[in-house]
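# Structure at a glance
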Amino acid sequence: MARAINEALRRSLSEDARTLVLGEDVGRLGGVFRVTEGLQDEFGEERVFDTPLAEAGIAGACVGLAMAGWRPIAEMQFDAFSYPALDQVICHLAKYRYRSRGRQPMPVVIRIPYGGGIGAAEHHSESPETYYAHTAGLQVVIPSSPADAYDLLRASIASPDPVIYLEPKSRYWSKGPSSSDGESSAPLGRARLVREGSDCTLIAYGAMVGRCLEAAEAAAQEGVELSVLDLRSLVPLDLSGLADAVRATGRAVVVHEAPMTLGYGAEVVARVVEDCFDSLEAPVLRVTGYDTPYPPATLESHSLPSVDRILDAVERVLTY
């Protein structure tokens, strides 16, 4: 996945001279996860450059660059490091296009490595997606595979609106095919059914898509067929794709890493109940992180949704 993101950045930089890559250590070092490795050597320090350790400054600079006609792609080094920039993102980046009645586009992408599963320290494993999804004016996307990482980033860079592009850190080393023809084949706002099943639908995004696929494989050994829907895009949310996937089975379980209370799963459940109430055979359940600060690395396996926790929820839904 890291190489797919790198290739999407490289192609975008080569095709449009207005495209810039900026952030902490993205230049000479190539990023803390080496996602931007080699880009500064190829495109120079004026187009791929390091910034001070000031996330609010990074986001504010992106607003000014976009107003001046550039297409900045910023990296916030870790999920919780993006919080100092919330004022700029919420009050300015998300508002300018609306405030200007569409005359001032904000073609800004903010890349944020997010989520747990890599044994990192405090403030390095959080799931901030709901902060951004709740902010009108932002698009929020999360890939789960190398192919989606490439396609969604290319589509995000092409968008006239600001996009929060969340990269599940535990999937950086995942392998799989990735389109590299220069064109994104997957538009924003489109979910994808990655596994078909007849008994229950698992709904997830990011790293939890892979976890749900593991659960589906385990369930199949017991004769239970689970479908898995990858949301891919939280804003805009593919409401028709979500409804179709749930209606096909009549049962659903939503899985994400973030804490349960007011997590994105709450929005998904609300939409499912609104649109699919007559098709539901059981309550829609959630399997999530716990309502606690993210734990130390030695305990994170107990906090993240596991295959067993997912299968327990599936059993509750199937036996309702």
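To be clear, the structure that these remarks concern was listed above.
One structure accompanies this document, and this report is about it. No experiment lies behind these values; they were computed from the predicted model shown.

What follows is about the packing of helix H3 (residues 55-67) against helix H4 (residues 86-93). Packing of H3 against H4 brings their axes to within 8 Å, and their N-to-C directions diverge by 25°. Considering their axes alone, H3 and H4 lie roughly parallel with respect to each other. Between H3, through Ala56, Ala59, Gly60 and Val63, and H4, the contact on the second element is made entirely by Gln88, Val89, His92 and Leu93. Looking at the contact of H3 with H4 residue by residue, the classes come out as 5 nonpolar, 3 polar and no charged.

Another point: the layout of surface pockets. Space inside the largest pocket adds up to approximately 380 Å³. Lining the largest pocket we find 20 residues, and of these Glu126, Ser127, Tyr131, Ala258 and Pro259 sit closest to its centre. Listed by contribution, the elements that provide at least two residues to the lining of the largest pocket are helix H6 (129-133) and strand E11 (252-259). Across the lining of the largest pocket, the residue classes break down as 9 nonpolar, 8 polar and 3 charged. The space that makes up the second largest pocket amounts to roughly 280 Å³. Among the elements of the structure, H6, strand E10 (233-235) and helix H10 (264-276) are those that each provide at least two residues to the lining of the second largest pocket. Classifying every residue of the lining of the second largest pocket gives 9 nonpolar, 3 polar and 2 charged.

Let us look at the pattern of salt bridges. Summed over all chains, the structure comprises 16 salt bridges. With a closest N to O distance of 3.7 Å, arginine 10 and glutamate 42 form a salt bridge. With arginine 10 in helix H1 (residues 2-15) and glutamate 42 in helix H2 (residues 39-43), this pair connects stretches of sequence that are 32 residues apart. Classification of arginine 10 by relative accessible area gives partly exposed; the value is 25%. Residue classification places glutamate 42 among the partly exposed positions, given a relative accessible area of 45%. Sharing partners across several salt bridges, the network here consists of Glu7, Arg10, Arg11 and Glu42.

To continue, consider the packing of aromatic side chains. Under the defined criterion, the tally for this structure stands at 7 aromatic pairs. Seen in terms of ring centroids, phenylalanine 33 and phenylalanine 78 are 5.5 Å apart; in terms of plane orientation they differ by 65°. Their pairing is edge-to-face. Of the two residues, phenylalanine 33 sits in the loop between strand E1 (19-23) and H2 while phenylalanine 78 sits in the loop between strand E3 (71-75) and H4, which places them 45 residues apart along the sequence. Given the relative accessible area of 8%, phenylalanine 78 is considered buried. Measuring from centroid to centroid gives 5.4 Å for phenylalanine 78 and phenylalanine 81, while their planes differ by 70°, and the two rings are edge-to-face. When its relative accessible area of 22% is taken as the criterion, phenylalanine 81 is described as partly exposed. These aromatic residues form a ring-pair network of at least three members: Phe33, Phe78, Phe81, Tyr172 and Trp173. Between arginine 99 and the ring centre of tyrosine 96, over which it is positioned, the NZ or CZ distance is 4.7 Å.

Scoring rules and cut-offs
- Residues numbered from 1 in each chain as written.
- Predicted model: local features only at pLDDT ≥ 70, side-chain atom pairs only at ≥ 80, totals over all residues.
- Heavy atoms only, no water.
- Axes fitted to C-alpha atoms, helices over the stretch in contact; angles between N-to-C directions.
- Helix = DSSP H or I, 4+ residues; strand = E, 2+ residues; numbered from the N terminus.
- Parallel < 35°, antiparallel > 145°, perpendicular 65-115°, else oblique.
- Contact = heavy atoms within 4.5 Å.
- Nonpolar A, V, L, I, M, F, W, Y, C, P; charged D, E, K, R; others polar.
- 1 Å grid on protein atoms, 1.4 Å probe; cavity = no way out; pocket = protein on both sides within 12 Å on 5 of 7 lines; lining within 4 Å.
- Points joined across faces, edges and corners; volume = space filled by probe spheres on them.
- Salt bridge = Lys/Arg side-chain N within 4 Å of Asp/Glu carboxyl O.
- Buried < 20%, exposed > 50% of the residue type's maximum accessible area, 1.4 Å probe, protein only.
- Phe/Tyr/Trp six-rings, centres within 6.5 Å; stacked < 30°, edge-to-face > 60°.
- Lys NZ or Arg CZ within 6 Å of the ring centre and 35° of its normal.

Any link to function would need more than the numbers given here.
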